[in-house]
Every structure is written in C-alpha cells, then in structure tokens.
Amino acid sequence: MTDHCIFCKIIAREARADIVYHDEQVTAFRDIHPVAPTHILIVPNKHIESVNAVAPEDEPLMGHLFTVAGKLAREEGIHHNGYRLIVNTGADGGQTVFHLHLHLIGGQRMQHPMG
Ligand code: 5GP
Ligand code: ZN
C-alpha cells in the first residue's frame, strides 16, 4: 500500500470501484472513463510504479495479469471478436496513474492500430 495511490486505495477497498475480479495477486475493475464498451484495468495488488520498475521476481505476477485478461475477455464475450491490451508507461506513453496496470479494451472495432 502506497499513500496517495488511487489504485492502492481501490485494492484496499478504501476507494470505490466497480471491481470485476480479485485474487491474492491482482485486482480488476472498470475504468472510470471507458473508451469502449469493455474497458477494464487489471492491476497487481503490489504497488509497482510502471514497467520501468518490474523486477525479475515479478515475472509470475506479470504473467498472471495476462491470464486474468484472457479470463475477463471470455467473461465479457469479446474473445472471439478480439480486444486490445495496453500498458502505458511514463509521460510519453501517456501513463497518468503510476501503479502499473493493463487496460483490457474491447467491444468495438478499434479505429487505429495504436489509437
Ligand atoms: P493510464 O493513462 O495511466 O494508462 O490509465 C489510467 C486509467 O485509470 C485511465 O483510463 C483513467 O480513466 C483510470 N482511472 C483514473 N482514476 C480512476 C479511478 O479512481 N477509478 C477508476 N475506476 N479508474 C480510474
Ligand atoms: Zn499503488
């Protein structure tokens, strides 16, 4: 738990969110400003600022984010049509919350390869 981190507060249930999945390693909740019908953020319960701070011992945890992404995509019914997974990193990457998270975005055709 890191003070002043909104995602740590959501994980600790100190801030409200529409949580769709949680286990001992990760928490997933709907983005407050969805850009598509499905827009879920999958976050490690451990506070990791960004990909820059991922350490070798985090590899099982990083892999688990993807396992949960696939499970949620199936539950959302977007696995056949496809979806996008995004990890914004740093200022140029457009990261605004400095607690690593995987965006799961789908339910509509993306207009641009990276947009
Ligand atoms: P980033 O720009 O860092 O990749 O993504 C941060 C995302 O977190 C944004 O899409 C933003 O809408 C979302 N977000 C920021 N604050 C909150 C919050 O308090 N609750 C939820 N559910 N999403 C948030
Ligand atoms: Zn945090």
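Worth saying up front: this structure is predicted, and the values here are computed from it rather than measured. (Residues numbered from 1 in each chain as written. Chains lettered and ligands numbered in written order. Predicted model: local features only at pLDDT ≥ 70, side-chain atom pairs only at ≥ 80, totals over all residues. Heavy atoms only, no water.)

Once that is clear, we can look at the sheet that holds strand β2 (residues 26-30). Spatial ordering of the open sheet is given by β1-β2-β3-β5-β4, a layout of five strands whose pairing is antiparallel. Across the chains shown, the open sheet's two edge strands, defined by having one partner strand only, are β1 (19-22) and β4 (83-86). Strand after strand, the sheet turns through a mean of 20° between neighbouring axes, direction not considered. As paired strands, β4 and strand β5 (residues 102-106) are joined by four bridges and run antiparallel to one another. Along β5, the bridge assignment pairs L85 with L104. (Pairing = 2+ DSSP bridges. Helix = DSSP H or I, 4+ residues; strand = E, 2+ residues; numbered from the N terminus. Axes fitted to C-alpha atoms, helices over the stretch in contact; angles between N-to-C directions.)

Let us look at unusual backbone geometry. Positioned with a positive phi, R13 is a non-glycine residue whose angle comes to about 65°. For R13, the position within the fold is in the loop between α1 (6-11) and β1.

With that settled, the discussion passes to the coordination of the zinc ion (ligand 2). Distances from the zinc ion (ligand 2) to its protein donors, C5 (SG), C8 (SG), H47 (ND1) and H99 (ND1), fall within 2.0 to 2.3 Å. Within one chain, the residues donating to the zinc ion (ligand 2) are spaced in sequence as C-x2-C-x38-H-x51-H. Taken as a pair, C8 in helix α1 and H99 in the loop between β4 and β5 lie far apart in primary sequence, 91 residues in all. Judged by its relative accessible area of 0%, H99 falls in the buried class. (Donors = N, O, S within 2.8 Å, 3.2 Å for Na, K, Ca; no water. Buried < 20%, exposed > 50% of the residue type's maximum accessible area, 1.4 Å probe, protein only.)

A few words now on the pattern of salt bridges. This structure, assessed with the given rule, holds four salt bridges. For R30, the salt bridge is made with E76, and the minimal N-O distance between the two is 2.8 Å. Pair noted here: R30 is in strand β2 and E76 is in helix α2 (residues 59-76), with a separation of 46 residues, a long-range link. Its relative accessible area of 30% is what places R30 among the partly exposed residues. For E76, a relative accessible area of 28% translates into the label partly exposed. One salt bridge in this structure joins K46 and D58, with 2.5 Å as the shortest N-O distance. Linking K46 in the loop between β3 (38-44) and α2 with D58 in the loop between β3 and α2, this pair joins segments that are 12 residues apart in sequence. The exposure class assigned to D58 is buried, which follows from its relative accessible area of 3%. Through salt bridges with shared partners, a single ionic network connects D18, R30 and E76. (Salt bridge = Lys/Arg side-chain N within 4 Å of Asp/Glu carboxyl O.)

In this section: a nonpolar patch on the surface. Together, F66, Y83 and L85 give the surface a local cluster of nonpolar side chains, amounting to about 270 Å² of exposed area. Topologically, Y83 is positioned in strand β4. (Patch = residues over 30% accessible without salt bridge, like charges linked within 9 Å, V, L, I, M, F, W, Y side chains within 5 Å. Areas by Shrake-Rupley, 256 points an atom, 1.4 Å probe, with all protein chains shown as cover.)

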